[in-house]
Amino acid sequence: MALNYVWLGFFLIAFVVAVFKSLFLQDTAIFGQIMTGMLSSAKTGAEISLGLAGVMTLWLGIMRVGEVAGMINRFSRLVNPFFSRLFPEVPKGHPAMGSMMMNFSASMLGLDNAATPMGLKAMKELQEINPKPEMASNPQIMFLVLNTAGVVLIPTSVIALRMAAGAANPADIFIPTLISTFIAFIVGMFTVSAYQRINLFKLPVLVFLGGFAALVTALYFWVKSLPADQIGPKMANLGGGIIFGIVIIFLTAGLIKKINVYDAFIEGAKEGFQVSVRIIPYLVGILVAISVFRTTGCMDYIINGIAAVFGWMGLNTDFVPALPVALMKPLSGGGARGLMIEVMTKYGPDSFQGKLASVIQGTTETTFYVLAVYFGSVNIKNTRYALTAGLIADFFGMLTAVLLGYLFFH
């Protein structure tokens, strides 16, 4: 229901603001701009969904090969000690465990094109054990909130954009970004656990957190030893190599089991186009609402209000120019990226504002987009507290980004 109220709120608030601008500010173009934005966003939503068709076809085909070859089941057993604490309602060894692990791995490596199809596959498998098909189950909510927190080991795309903007050290935002996104992940995990009354203070969870901290430390020293212009290419190569290696493992396992891997691939690939078409209404709906809210200037009013409050309190407001990125990120990844580039262009990539905007861009995922696409793919109508928990994780991730921005760069 929360998503329903937010969606309605975007339209109703935007309408009130547009009427005020039209009647009192003599803005005669506002409603025309709103309609142009709505139509453009509807087109974009459809194009994004159909653009996923090829990628979905490929990865769902590969996942099907891994499933019939028994590799997904092996991945499930591998992550079961940790995942069984986060997803106690998912049966031991269920294929969804392996699919979720593949999704998280691809996300951490920054491979969105691989992560989304694997995540949709996981949602479909979780839906098969959902006792109330139109209502989000506990495992689905936990999975999606952790997705919206979105831990990315190295923000390759942000580093590449900073390099293109002429930053002296494009990777200097690496550590604060990693810490911020990890905080968002932890907050999301504990928030959903509180809702679902899951006790996370158990050995497998603590071992995971310790192991992840060790991985981050090792990654830090590796990245620190690389020239700035090699970080993006090397990370992209590492991520691509790992995912392609998994594809080869799936195909080889199928060959060893003497299954017809091509037929298995085609069987899974047929689902790809169907899923990409099914999410069109959900994606168009959320993108149009966001467009209306932005076009009427509501986002600018929020930013100016926050700046006024902090100024009245006598606090430093240097972070305010980067704030639009934080508010846009849960709504639109592309919009947030554009705003980040705008901040770097205006203030410079090596300015406090430019670096902070970059850290914020690398923190968390596009919550509304993820919820619309993932829930839409399995026709979930009642998302329960998924949006609330996701936005809580976003808030703490962004707050951490701002605090670390002051600590590292101010």
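Scroll up for the structure.
Conventions and cut-offs
Residues numbered from 1 in each chain as written. Predicted model: local features only at pLDDT ≥ 70, side-chain atom pairs only at ≥ 80, totals over all residues. Heavy atoms only, no water. Helix = DSSP H or I, 4+ residues; strand = E, 2+ residues; numbered from the N terminus. Expected span 1.5 Å × (residues − 1). Buried < 20%, exposed > 50% of the residue type's maximum accessible area, 1.4 Å probe, protein only. Arc of directions from axis to C-beta. Core = buried A, V, L, I, M, F, W, Y, C linked by side-chain atoms within 4.5 Å. Contact = heavy atoms within 4.5 Å. Salt bridge = Lys/Arg side-chain N within 4 Å of Asp/Glu carboxyl O. Patch = residues over 30% accessible without salt bridge, like charges linked within 9 Å, V, L, I, M, F, W, Y side chains within 5 Å. Areas by Shrake-Rupley, 256 points an atom, 1.4 Å probe, with all protein chains shown as cover. Axes fitted to C-alpha atoms, helices over the stretch in contact; angles between N-to-C directions. Parallel < 35°, antiparallel > 145°, perpendicular 65-115°, else oblique. Nonpolar A, V, L, I, M, F, W, Y, C, P; charged D, E, K, R; others polar. Phe/Tyr/Trp six-rings, centres within 6.5 Å; stacked < 30°, edge-to-face > 60°.

Q: How do you make sense of helix α13 (residues 298-312) when you look at a structure like this?
A: Relative to the 21 Å expected for 15 residues at 1.5 Å per residue, α13 spans 21 Å between its end C-alpha atoms, a close match to the ideal helical length. Listed in full, the buried residues belonging to α13 are C298, M299 and I303. Buried residues along α13 cover an arc of 145° about the axis, so they all sit on one side. Every exposed residue of α13 that faces more than 90 degrees away from the buried side is listed here: N304 and W312.

Q: Got a minute to help me understand the environment of P95 in this structure?
A: Here P95 lies in helix α4 (residues 95-108). Expressed as a C-alpha distance, the spacing of P95 and F75, which sit 20 residues apart in the sequence, is 8.5 Å.

Q: What is the right way to look at the nonpolar core in this model?
A: Soluble globular proteins: nonpolar side chains tend toward being buried together. By size, the foremost hydrophobic cluster in this structure holds 110 residues, and its most contacted members are F83, F87, M100, F143 and F250. In contact with F250, not counting residues within four places along its chain, are I62, M63, V65, G66, A69, M71, I72, F75 and M102. If you look at the next biggest cluster of nonpolar residues, it comprises 5 residues, including A14, I30, I34 and V292.

Q: I would appreciate a short explanation of unusual backbone geometry in the present structure.
A: Backbone geometry follows two general trends: most residues other than glycine have a negative phi, and most peptide bonds adopt the trans configuration. The phi dihedral of Q26 falls on the positive side, at around 55°, and the residue is not glycine. Residue position: Q26 is located in the loop between α1 (2-24) and α2 (30-68). On the basis of relative accessible area, Q26 is assigned to the exposed category, the value being 57%. Positive phi, close to 55°, is recorded for R197, a residue that is not glycine.

Q: Please explain the pattern of salt bridges as it appears in this structure.
A: Note on pairing: side chains with opposite charge can pair once their charged atoms come close. Following the criterion strictly, the structure yields 9 salt bridges and no others. The salt bridge partner of K43 is E47, with a shortest N-O separation of 4.0 Å. Residue K43 and its partner E47 are both found in helix α2; the two are separated by 4 residues, about one turn of the helix. In this structure E47 comes out as partly exposed when scored by relative accessible area, which is 47%. Connected via shared salt-bridge partners are R64, E67, K121, E125 and E267.

Q: What is the right way to look at the environment of F190 in this model?
A: Mapped onto the fold, F190 is located in helix α8 (residues 174-196). The contacts of F190, once residues within four sequence positions are left out, are L200 and F201.

Q: I would appreciate a short explanation of helix α17 (residues 367-377) in the present structure.
A: For the α-helix, the turn length of 3.6 residues means that residues three or four positions removed from each other point alike. α17 sits mainly inside the fold: 10 of its 11 residues count as buried. Those residues of α17 lying buried are T367, F368, V370, L371, A372, V373, Y374, F375, G376 and S377. At the exit of α17 stands N379, carrying a positive phi of roughly 60°.

Q: Please clarify how a nonpolar patch on the surface should be interpreted in this entry.
A: A surface patch of nonpolar side chains, about 750 Å² in accessible area, is lined by I179, I183, F395, F396, L399, L403, L407 and F408. Those elements that place two or more of their residues in the nonpolar patch are α8 and α18 (386-409). With 6 residues, the top contributor of residues to the nonpolar patch is α18. When you line up the elements, F408 lands in helix α18. Among the residues examined, F408 registers a relative accessible area of 39% and is labelled partly exposed.

Q: What is the right way to read the packing of α4 against helix α6 (residues 138-149) from this model?
A: Relative placement of two packed helices is described by the angle separating their axes and the distance separating the axes. In contact at an axis separation of 11 Å, α4 and α6 are set at 10° when each is read in the N-to-C sense. Between α4 and α6, the angle is such that the two are roughly parallel. Taking contact as the criterion, the partners of M100, N103, F104 and S107 in α4 are, on α6, F143, L146 and N147. Its residues placed into classes, the contact of α4 with α6 shows 4 nonpolar, 3 polar and no charged.

Q: Sorry if this is basic, but what is going on with the packing of aromatic side chains here?
A: The description of an aromatic ring pair uses the distance of the two centres, along with the angle that the planes make with each other. As enumerated under the stated definition, the model contains 14 aromatic pairs in all. Their ring planes at 50° and their centres at 6.2 Å tell us that F143 and Y374 sit as a pair that is tilted. Residue F143 is found in helix α6, and its partner Y374 is found in helix α17; the two are separated by 231 residues along the sequence. When its relative accessible area of 0% is taken as the criterion, F143 is described as buried. Owing to a relative accessible area of 5%, Y374 belongs among the buried residues under this scheme. An angle of 55° between the planes, with centres 4.8 Å apart, marks the rings of F352 and Y406 as tilted. Taken as a pair, F352 in helix α16 (residues 352-361) and Y406 in helix α18 lie far apart in primary sequence, 54 residues in all. The class of F352 is buried, set by a relative accessible area of 9%. Among the residues examined, Y406 registers a relative accessible area of 23% and is labelled partly exposed. An aromatic cluster is defined as three or more aromatic residues linked by ring pairs; in this entry it consists of F83, F87, F104, F143 and Y374.

That is the geometry; function is a separate question.
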